[in-house]
Amino acid sequence: MSHTPSGLNRRQFLKGLTMAGAASLLPLRLLMPYTAQAATAFNAKDFQVFRNACPRNCYDTCSIKTYVKDGVVQFIEGAPESTFTAGGLCVKGYAYPRRVYSPDRIKYPMVQDGRRSGNWRRVSWDEAMDRIAKKILEIKEKDGSLLGLGLTKYSGNFGITNYGVEGMMSSLGYTTRFVGTPCWPAGIDAQNYDLGDMWCNDPEDMVKARYVIVWGANPAWCSVHSMKYIMEAKRRGAKVVVIDPVFTQTAAKADVFWQPETSSDGALALGMARHILDKGLVDKGFVTDNALGFEEFAAYLRQNVTVEWAAGLSGIPAEQIREVAEEFATADPATIWIGYGMQRHTNGGASVRAIDALAAMTGNVGKEGGGARYGHLRTWGFNYHALLQKQPEGSVGFVGAGGPKGEFDFTKGEAASYTDRTFNINKTAQGILDAKDPAIRMLWVSCKNPFAQDFDRPKLEKAFDTLEMVVTVDQFFNETVANSDIVLPVTTLFEEWTVNVSYWHYWLGINEQAITPMYETKSNIEIAALLSKKMNELAPGSCTFPQDIDTREWMEKEFNQGIYDYFGIKHWTDLKNGPVKAKLASTASWHDMKFGTPSGKYEFRSDLCAEHGHEALPKYKEGRKPYDEFRLLTPHSKFGIHSQFINLDWMHEYNKEPFLYMHPDDAHAKNIKDLDTVRVFNKVGELRIKAKLTRNVAPKSLVIYEAWFGRGNAFNVQNLVDDEAADMGAYKTGAPGVAIHGQFANVERV
Amino acid sequence: MSDHTPLEALRDFFAASDADGLKDSAVRIARCVGADLPAGTDWAAAEYEFNRLFVGPAAVPAPPFASAWSETDRTLMGRATMEARQTYHRLGLAVPGEGVIPDDHLAYELEAVLAMKAMLAAQAGAPDEETAVLHAWFVGEHLARWLPPFIRTVREHATGGGVVALAADALASWFESERNSTAAPRRG
Amino acid sequence: MKKHYAFLVDSEKCIGCFTCAMACRNYYHQVEGVVWRQVYPLGEPIYPHRERAFFSLACNHCENPACLNVCPVEAYTKREEDGVVVHHQEKCIGCGNCIRSCPYGAPVYNPVEKRAEKCSFCHERLDAGLLPACVQSCPTGALKLVDLATMEPGNEIQFPAGFPKNEKVNPSTRFIMPKVPTLVRR
């Protein structure tokens with residue numbers, strides 16, 4: 001099929017009919033719908049071009065150009081204006097048209113008669129809202145508050161106006177919120193203790209690094225656009241070291257790959273630090289003028305850390321540790337990319353602090369091409385108009401301390417005496433089971449798929465059993481929808497206006513509505529408006545969310561002068577010409593050496609950290625003790641973003657089924673051959689899967705990439721992962737993180 | 001339609017959005033084809049089955065859109081959809097809110113046939129070649145490409161003797177007779 | 001000056017992300033089971049780490065194309081100006097000769113339209129001054145469009161291990177082989 005105007009032959013033929021009459025009728029078979037047309041040169045004028053932005057939870061947040069003809073998205077590509085996106089998307093992004101036009105897309109509001117029965121009925125939006133509103137009012141009546149209404153939402157859609165879901169909850173009253181983040185909280189806290197904020201360099205400046213350590217991150221799968229900067233640094237002579245318990249795709253592109261014991265990263269970093277100290281390679285200027293507590297840290301290293309000790313714990317030979325430490329300390333600038341996987345451990349925050357210390361003590365903080373890179377929120381200074389809604393007069397809520405509701409909580413703290421009641425999103429199942437006075441009666445799920453992404457799936461099932469009503473907003477029928485009472489069909493990125501930024505690069509992109517929303521889909525804020533209308537019909541004043549909204553207007557309301565100045569644009573309409581990059585004074589974070597810590601300096605010794613129940617210094621903290629024979633890692637697949645994309649048949653073309661990856665020696669010991677079906681099991685549950693044998697994986701570890709394959713495939717890694725907490729996360733994100741990679745299991749042939 | 005074809009009732013059946021709509025149209029289908037509705041039909045169950053096969057929210061085995069069968073990457077809003085749209089335009093018709101529901105939904109396509117038949121009937125004295133050719137093409141080429149595999153799949157998944165199976169059978173026999181009775185275009 | 005367009009597959013830069021494969025599918029919407037560009041993991045005898053090195057392959061736009069030579073209806077032409085081998089879908093009768101003859105499996109059978117099809121180098125994009133969809137999409141520049149007529153020979157090879165050596169058809173695709181890092185394991 002070509003992109004020349006389709007049906008051209010047919011139109012001419014039919015016109016010919018009326019003009020020439022019956023005599024010139026050609027045999028009907030020329031009208032066969034599938035006569036291929038000869039391709040002629042591509043002409044962009046045949047299309048309407050729109051600007052979109054990928055709203056997924058991904059470093060790269062691509063800017064997209066969308067080509068529409070006859071009101072249909074024909075194909076998309078990456079925006080060429082962004083040097084980061086550079087004209088190309090990824091295997092997931094290019095599958096977007098399939099999401100819009102899949103016959104399996106959720107099209108209408110539907111009600112399930114009997115949860116998990118599979119018996120679904122169509123209802124009108126009015127009826128759906130009526131049921132939901134009446135339930136909300138019933139909760140208010142029974143409990144005297146709306147604390148029985150809970151929200152679980154996370155990163156399924158990062159378009160800024162989608163914070164209107166939280167806004168919708170606020171506009172109803174004080175509710176129960178699952179707060180925190182499964183993603184990166186321990187590291188965020190760690191960077192906040194050390195530097196006073198999570199703020200990374202512009203990733204495009206990695207080309208200037210003379211030494212790059214990628215520590216527990218796999219950008220070759222999870223940030224494909226970043227790889228070109230690492231490769232360019234390498235081309236210019238930088239040495240690239242990848243540290244990971246798995247020989248990842250990124251590791252295959254390194255100069256040196258270290259495969260340490262999982263969760264021993266803190267020890268490894270401290271070992272390197274000790275050697276740097278011994279060799280006199282510390283940046284004295286930085287630790288004296290711009291840091292606090294280095295002498296105490298140095299004393300700790302001398303008393304407690306040796307390279308041999310680090311080698312013993314990590315498995316990396318002492319002379320390697322010394323070599324890389326010296327190289328890192330003498331390269332100028334040197335940088336470390338700290339991955340989110342690295343901190344998904346009971347000691348994750350402590351490990352990040354140790355790695356931050358490496359970058360700091362060598363004077364690499366505040367340097368272009370340097371730094372301890374983790375993420376940033378510098379480009380997120382929107383108004384959060386959709387998010388910031390007021391509770392109705394007289395709302396009753398939770399009395400008690402209110403903390404941040406997550407790393408993206410841009411509310412500035414609540415002055416009211418009531419607050420929302422919060423539970424740790426990483427212990428959703430436990431939270432639902434534990435909540436009382438009142439219990440959580442009703443759950444609203446949006447931009448999240450708890451059954452695929454929350455931990456301890458068997459416990460989650462039990463928790464859902466206690467809920468009186470579950471409403472899920474989604475695009476495809478995943479397991480969470482199967483466990484709901486009402487499903488509401490939501491728009492794709494092409495069907496709403498919003499605006500998007502990244503937590504890694506510094507570009508801003510508009511997301512235009514390219515096509516009319518299909519079927520009866522609505523965006524999250526349109527759903528909120530509809531709910532508000534119904535609530536106020538039934539009980540005037542019960543919901544403050546505006547009842548008539550336009551997604552374009554609401555997108556406009558997010559912009560402010562601060563954003564305009566930061567990006568150097570006059571108006572958001574400038575973004576119709578393509579994405580724009582922030583006008584950075586320097587590509588380096590902390591270039592002004594004004595840290596956000598209490599002392600205003602880099603804190604090797606953070607008293608705040610100690611106050612919060614951790615160590616003041618970045619001391620070694622042991623990881624989780626094994627409770628089963630093998631380590632279990634469930635990292636991200638290149639073919640999906642959590643439970644999105646892998647279910648699409650376009651993706652099945654290249655990724656048909658899940659696999660367990662294990663070491664051949666372990667397989668041999670268990671009489672498992674390549675592609676045998678095996679059973680992986682532990683105290684949480686079990687799953688059946690085919691095994692692939694490879695030395696990419698360390699001995700005594702099992703690697704299974706998390707995914708949702710759709711179409712009734714029951715594969716779900718959450719049958720093996722429990723909700724053990726990470727050490728940090730409560731400070732800046734409202735709840736501790738979770739040790740997703742601090743898991744253990746066993747395996748046997750089936 | 002005075003010729004007792006179940007075409008209108010079939011259109012209404014596939015356009016139904018609830019049990020009432022299904023019941024109303026199924027009763028009319030049964031009457032047209034001279035069949036009996038299964039005694040004590042559970043209309044709620046019929047609705048669940050209808051949604052499981054055609055609507056969702058789970059993946060549907062029998063999406064009622066031409067392009068889901070004509071282009072075997074099962075995509076919607078494909079070439080077959082645009083053909084249907086152009087056909088409607090030729091008849092001076094269009095799907096309201098074009099693009100929101102794909103033009104090639106079975107209900108729309110059946111209604112288009114209704115329109116063409118009505119036009120042809122009205123032209124009885126002076127038949128318009130274009131309408132006849134369009135009708136012949138739409139039935140003999142466009143519908144012929146997807147209705148048979150669609151009906152086959154519906155029969156595989158529908159409860160034997162149930163309401164959906166009845167509609168599938170009625171659709172199949174109507175289509176066969178429509179195809180047979182559609183005249184080939186005259187020449188010269 | 002006549003061009004000789006070819007794909008340069010730099011397997012050292014390639015991260016096996018499948019972006020090129022999906023970009024092709026995004027642009028052309030091939031039917032299920034029909035794949036014009038596939039990304040093949042190199043076997044462990046060639047690259048010693050499983051699923052860590054890849055060849056992204058479509059059509060090799062050969063000098064002496066087997067497909068063109070066996071086509072009974074001239075549904076293949078090799079463009080004078082740049083050597084691109086175009087499959088003219090409107091002429092194809094689905095006889096299957098090309099599918100059986102190509103040593104690289106580039107033409108594949110489309111069971112819906114009952115004819116062959118293959119990568120035609122996005123020639124309609126080339127004629128509009130654009131890159132092929134796959135080349136434009138590659139995030140690391142591993143897949144490139146090169147002109148063999150003017151390219152300075154560097155470290156590209158024509159027949160790497162893992163790629164069938166068929167000198168008769170003389171494929172135009174060129175490859176750069178991947179490296180292996182120093183591995184330090186616990």
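Residues numbered from 1 in each chain as written. Chains lettered and ligands numbered in written order. Predicted model: local features only at pLDDT ≥ 70, side-chain atom pairs only at ≥ 80, totals over all residues.

Some points on the overall build of chain B
Our working rule: Helix and strand labels come from DSSP, where a helix needs a run of H or I of at least four residues and a strand needs a run of E of at least two; each type is numbered from the N terminus. Only C-alpha atoms enter the radius of gyration; for comparison, a globular chain is expected to reach 2.2 Å times N to the power 0.38, where N is the number of residues. Any residue surrounded by 20 or more other C-beta atoms within 10 Å of its C-beta is treated as buried, while 12 or fewer makes it exposed and the intermediate range makes it partly exposed; C-beta atoms here are placed from the backbone. Working definition of a contact: two residues with C-beta atoms, positioned from the backbone, lying within 7 Å.
Along the backbone of chain B there are eight helices and zero strands. When the helices and strands of chain B are placed in sequence order, the string is α-α-α-α-α-α-α-α. What you see for chain B is a C-alpha radius of gyration of 16 Å, in line with the 16 Å of a compact globule of 188 residues. Within chain B, buried positions represent 46% of all 188 residues. Here the contacts in chain B between residues at least 6 apart in sequence split such that 58% fall between residues at least 24 apart.

Topic: the overall build of chain C
Scanning chain C from N- to C-terminus turns up five helices and ten strands. Here chain C has a C-alpha radius of gyration of 17 Å; the compact-globule value for 186 residues is 16 Å, and the two agree. Dimensions along the principal axes, computed over C-alpha positions, put chain C at roughly 60 × 40 × 30 Å. Split into buried and exposed, the 186 residues of chain C put 49% on the buried side. In chain C, 62% of the contacts between residues at least 6 apart in sequence involve partners at least 24 apart.

Some details on unusual backbone geometry
Cis rather than trans, the peptide bond between D332 of chain A and P333 of chain A has omega equal to 0°. Structurally, P333 of chain A can be placed in the loop between α12 (318–330) and β12 (334–338). The backbone phi angle of R116 of chain A is positive, close to 70°, even though this residue is not glycine. With respect to the helices and strands, the residue R116 of chain A is situated in the loop between β4 (110–112) and β5 (120–122). The class for R116 of chain A is partly exposed, based on 13 C-beta atoms found within 10 Å. The phi dihedral of H29 of chain C falls on the positive side, at around 50°, and the residue is not glycine.

So, helix α4 (residues 164–172) of chain A
Residues and elements named next belong to chain A. Within α4, nine of the nine residues are buried, which leaves it mostly tucked inside the rest of the structure. Among the residues making up α4, those that are buried are G164, V165, E166, G167, M168, M169, S170, S171 and L172. Against the buried residues of α4 lie α3 (125–143), β6 (146–153), β7 (175–179), β15 (442–446) and α18 (524–538). Of the residues flanking the end of α4, it is G173, one or two places downstream, whose phi is positive at about 150°.

Comments concerning the sheet that holds strand β8 (residues 211–215) of chain A
Hydrogen bonds between backbone atoms are what pair the strands of a sheet, whose relative direction is either parallel or antiparallel. Applied cut-off: Following DSSP output, two strands are said to pair if at least two bridges run between them. Between the N-to-C directions of two axes lies an angle of 0 to 180 degrees, each axis being a line fitted to C-alpha atoms and, for a helix, fitted only over the stretch in contact.
In spatial order, the strands read β13(A)-β12(A)-β8(A)-β9(A)-β10(A)-β10(C); together these six strands make up an open sheet with parallel pairing. Each end of this open sheet is capped by a strand with a single partner; those strands are β13 (371–373) of chain A together with β10 (182–185) of chain C. Sheet twist, expressed as the mean angle between neighbouring strand axes with direction ignored, is 15°. Where strand β9 (residues 239–243) of chain A meets strand β10 (residues 256–259) of chain A, three bridges bridge the pair, whose relative direction is parallel. Paired with I243 of chain A across the two strands is W258 of chain A, which belongs to β10 of chain A.

Topic: helix α8 (residues 265–278) of chain A
All names here are of chain A. Put simply, the rule is: Given a helix with a known number of residues, its expected span is that number minus one, times 1.5 Å.
For α8, which comprises 14 residues, the first-to-last C-alpha distance of 20 Å matches the rise-based estimate of 20 Å (1.5 Å per residue) to within 8%. Counting buried positions along α8 yields twelve of 14 residues, so the element is predominantly enclosed. Turning to α8, its buried residues number three or more, namely D265, G266, A267, L268, A269, L270, G271, M272, A273, R274, H275 and I276. For α8, the secondary structure elements touched by its buried residues are β8, α10 (294–304), α11 (307–314), α12 and α13 (348–361). Note on α8: the residue one or two positions beyond its end, G280, has a positive phi of about 65°.

What to know about the packing of α8 of chain A against α13 of chain A
Residues and elements named next belong to chain A. Stated formally: When an angle is under 35 degrees it counts as roughly parallel; over 145 it counts as roughly antiparallel; between 65 and 115 it counts as roughly perpendicular; any other value is oblique. Crossing handedness follows the turn of the near helix against the far one: under a right angle anticlockwise gives a left-handed crossing, and clockwise gives a right-handed one.
At a closest axis distance of 8 Å, the pairing of α8 and α13 adopts a crossing angle of 25°. Classed by the angle they form, the pair α8 and α13 counts as roughly parallel. The crossing of α8 and α13 is left-handed. Side by side, α8 and α13 meet where D265, G266, A269, L270, M272, A273 and I276 of the first sit next to A350, S351, A354, I355, A357, L358 and M361 of the second.

Section: the sheet that holds β5 of chain A
Residue and element names in this part refer to chain A. Taking strand neighbours across the sheet as the criterion, the eight strands line up as β5-β4-β17-β16-β15-β6-β7-β14 in an open arrangement whose pairing is mixed. Both edges of this open sheet fall to β5 and β14 (421–424), since each of them pairs with a single strand only. With direction set aside, neighbouring strand axes in the sheet form an average angle of 20°. The pairing of β7 with β14 spans four bridges and is classified as parallel. Along β14, the bridge assignment pairs V179 with N424.

A closer look at the interface of chain A and chain C
Note the threshold: In this count, Pro and Cys sit with the nonpolar residues alongside Ala, Val, Leu, Ile, Met, Phe, Trp and Tyr, while Asp, Glu, Lys and Arg are called charged and the others, Gly among them, polar.
At the junction of the two partners, chain A supplies 56 residues and chain C supplies 41 residues. Looking at the side of chain A that touches chain C, the elements with two or more residues in it are β3 (72–78), α7 (227–235), β10 and α22 (649–652) of chain A. Per-class residue counts for the side of chain A that touches chain C are 32 nonpolar, 16 polar and eight charged. Examined bridge by bridge, β10 of chain A and β10 of chain C share four bridges and lie parallel to one another. Considered in β10 of chain C, the bridge of F257 of chain A is made with L183 of chain C.

Considering the environment of F715 of chain A
With respect to the helices and strands, the residue F715 of chain A is situated in the loop between β26 (701–704) and α24 (730–733). Sequence separation between F715 of chain A and L687 of chain A is 28 residues, and the spatial gap between their C-alpha atoms is 7.1 Å.

Here we look at the pairing of β9 of chain A
Residues and elements named next belong to chain A. By the criterion of burial, β9 is predominantly enclosed, with four of the five residues buried. Bridge count between β8 and β9: five bridges; the pairing is parallel. When the bridges of β9 are listed, Y211 appears paired with K239.

Here we look at the nonpolar core
The following threshold applies: To count as a nonpolar core, a set of buried Ala, Val, Leu, Ile, Met, Phe, Trp, Tyr and Cys residues must be joined through C-beta atoms within 7 Å.
The biggest cluster of nonpolar side chains holds 351 residues, and the ones touching the most others in it are V212, W215, L531 and L702 of chain A together with L10 and A167 of chain B. Among the elements that make up this core, the one with the highest residue count is helix α7 (residues 129–157) of chain B (eleven residues). If near-sequence neighbours (up to four positions away) are discounted, L702 of chain A is found in contact with F630, R631, L632, L660, M662, V680, A745 and V747 of chain A.

A short note on the packing of helix α2 (residues 19–33) of chain B against helix α8 (residues 163–181) of chain B
Residue and element names in this part refer to chain B. Two elements in contact, α2 and α8, have axes whose closest approach is 10 Å; the angle formed by their N-to-C orientations is 50°. The angle between the axes of α2 and α8 places the two elements in the oblique class. Judged by the twist between their axes, the crossing of α2 over α8 is left-handed. Residues L22, A26, I29, A30 and V33 of α2 form the contact with α8, whose own contacting residues are V163, L166, A167 and A170. By residue class, the composition of the contact of α2 with α8 is nine nonpolar, no polar and no charged.

Structural notes on the environment of H505 of chain A
All names here are of chain A. Relative to the helices and strands, H505 is located in the loop between β18 (498–501) and β19 (507–511). Classification of H505 as buried rests on a count of 27 C-beta atoms within 10 Å. Between the C-alpha atom of H505 and that of N383, which follows or precedes it by 122 residues, the distance is 20 Å.

A closer look at the environment of N26 of chain C
Inspection of the secondary structure puts N26 of chain C in helix α1 (residues 19–28). Residues N26 of chain C and A133 of chain C, 107 residues apart in the sequence, show an inter-C-alpha distance of 8.8 Å. Once you skip the residues sitting within four places of it in the chain, N26 of chain C turns out to touch F75, I76, Y94 and P97 of chain A.

Some points on the confidence of the model for chain C
Predicted coordinates in regions of low pLDDT should not be interpreted in detail. Rules: Confidence scores here are pLDDT values: one per residue, from the predictor, ranging 0 to 100.
The share of residues in chain C with pLDDT of 70 or more is 100%, and the mean pLDDT across the chain is 95. The complex model carries a pTM of 0.93, and its ipTM stands at 0.96.

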